[in-house]
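Remarks on the overall topology
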Amino acid sequence: MTTTITNVTFGDVYFCAGQSNMQLEMHFTFSKNYSYNNITQMGKYKNIRFFTGVEGNQPNATYVIPVNNGKNGEYRWNLLNSTTIDLFDGFSAACFYTAQTLTDKYGMSDINFGLIDTAVGGSIIESWIKNFTVPPRCVANTTNCPGPGCGGLYNGQVLPWINMTIKAALWLQGENNVGHNAAGQYGGNWMNNTGYACMELLMIEQFRANWSLVNGGEILPFGLITLGSGTSEGHQPDMGNFRWNQMLNFDILPPPADEVPSTFVVQAHDIGDPWYSGCGQCQNASAPYTANNTYGNGTNWYMGPIHFRPKQYTGERMAIQVAKFIYGQDLTW
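**Side note on the sheet that holds strand S5 (residues 168-172)**
- Read across the open sheet, the seven strands follow the order S3-S2-S4-S1-S5-S6-S7; overall the sheet is mixed. Edge positions in the sheet fall to strand S3 (77-79) and strand S7 (263-266), since each has one partner strand and no second. Averaged over all adjacent pairs, the angle separating strand axes in this sheet is 25°, with direction ignored.
- For strand S2 (residues 48-52) and S3, the ladder comprises three bridges, and the chain directions are antiparallel. For Phe50, the partnering residue across the bridge sits in S3 and is Asn78.
- Each of strand S1 (12-18), S5, strand S6 (222-225) and S7 touches helix H7 (residues 195-211); the most contacted strand, S6, lies at about 150° to it.

**Observations concerning the environment of Arg317**
- Looking at the secondary structure, you find Arg317 in helix H9 (residues 311-325).
- Judged by relative accessible area, which is 29%, Arg317 ranks as partly exposed.
- For the pair Arg317 and Ile225, spaced 92 residues apart in sequence, the C-alpha separation works out to 9.4 Å.
- If near-sequence neighbours (up to four positions away) are discounted, Arg317 is found in contact with Val266, Gln267, Ala268, Asp270 and Ile271.

**Examining the packing of aromatic side chains**
- This structure, assessed with the given rule, holds 18 aromatic pairs.
- Among the aromatic side chains, those forming a connected cluster through ring pairs are Phe15, Phe51, Trp77, Trp161, Phe207, Trp211 and Phe222.
- Over the ring of Phe308 we find Lys311; its NZ or CZ atom is 3.5 Å from the centre of that ring.
- The ring of Phe325 is capped by Lys324, whose NZ or CZ atom sits 5.8 Å from the centre of that ring.

**A short note on H9**
- The end-to-end C-alpha separation of H9 is 21 Å, in line with the 21 Å expected for 15 residues at 1.5 Å each.
- Every buried residue of H9 is accounted for by Lys311, Gln312, Thr314, Gly315, Met318, Ala319, Gln321, Val322 and Ala323.
- As for H9, its buried residues are in contact with S1, helix H1 (20-23), helix H4 (93-105), S5, S6 and S7.

The rules behind these values
Residues numbered from 1 in each chain as written. Predicted model: local features only at pLDDT ≥ 70, side-chain atom pairs only at ≥ 80, totals over all residues. Heavy atoms only, no water. Pairing = 2+ DSSP bridges. Helix = DSSP H or I, 4+ residues; strand = E, 2+ residues; numbered from the N terminus. Axes fitted to C-alpha atoms, helices over the stretch in contact; angles between N-to-C directions. Contact = heavy atoms within 4.5 Å. Buried < 20%, exposed > 50% of the residue type's maximum accessible area, 1.4 Å probe, protein only. Phe/Tyr/Trp six-rings, centres within 6.5 Å; stacked < 30°, edge-to-face > 60°. Lys NZ or Arg CZ within 6 Å of the ring centre and 35° of its normal. Expected span 1.5 Å × (residues − 1).

Structure below.
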């Protein structure tokens, strides 16, 4: 008896997590048609595979990836081609544009990229951290733990993948933490164990503790994306302070003294939706960037300008960081 296994490959796997701006689908981005044409008409990006995990908030630790009984493209690896384009339409844009840019601009078409999208819209960072570990580490009243949102996504969206060897984790989250006991009056600083910075560092440490077991003991690289313009959820005065939290209270990452090694950052404060402010004419059919195919560019937004549509810039900037700090290319950043 002979068994044949097809579509087997080895490559570099990237774990893309966070909330809705990481989750935002290709469908809602300006440059999607360029990518779709390259895939369906030119046969490009055969070196990229994508894996979409549905939202998995679990009360207990889950170490097994669910079986895809529905065969709908979730919880399985998919190739990029004309038959999967509808599935790809719902994949994380920020995650894909990183691999697309590495392939197109940095000469990595010979590297197979596996992209895992586990982002969950509306999630708080406390959900991505092991339950019951925030209160002992971070000062009370500067976090949302203990609480019902703590630990669920760590159980359901992180632990199922820890048996995979991954190249790096890419993280974009924070809209639902701005001004909610993670910035504002508390500021947040990992050096005094307060607020978002304390939790973010704890999360990075936990991710690394998990994946170092299968990564040969190596430190897991961690790429951070700061919040884009117009994504404050009504807490705009806190945005500068919050981005300082996201940066782990350093001016640059990796920090000069390497206090938090193998971290790198994409600054997105200047990447916002064209209509993020002054939106009185947003739905005018003749306005630029509307969904109108005659006057606009045919790309509607999702739930308003908080989900900024020019996600290709996020991916392009992340690709610079990845090319430099993971693949060792001599680049200025």
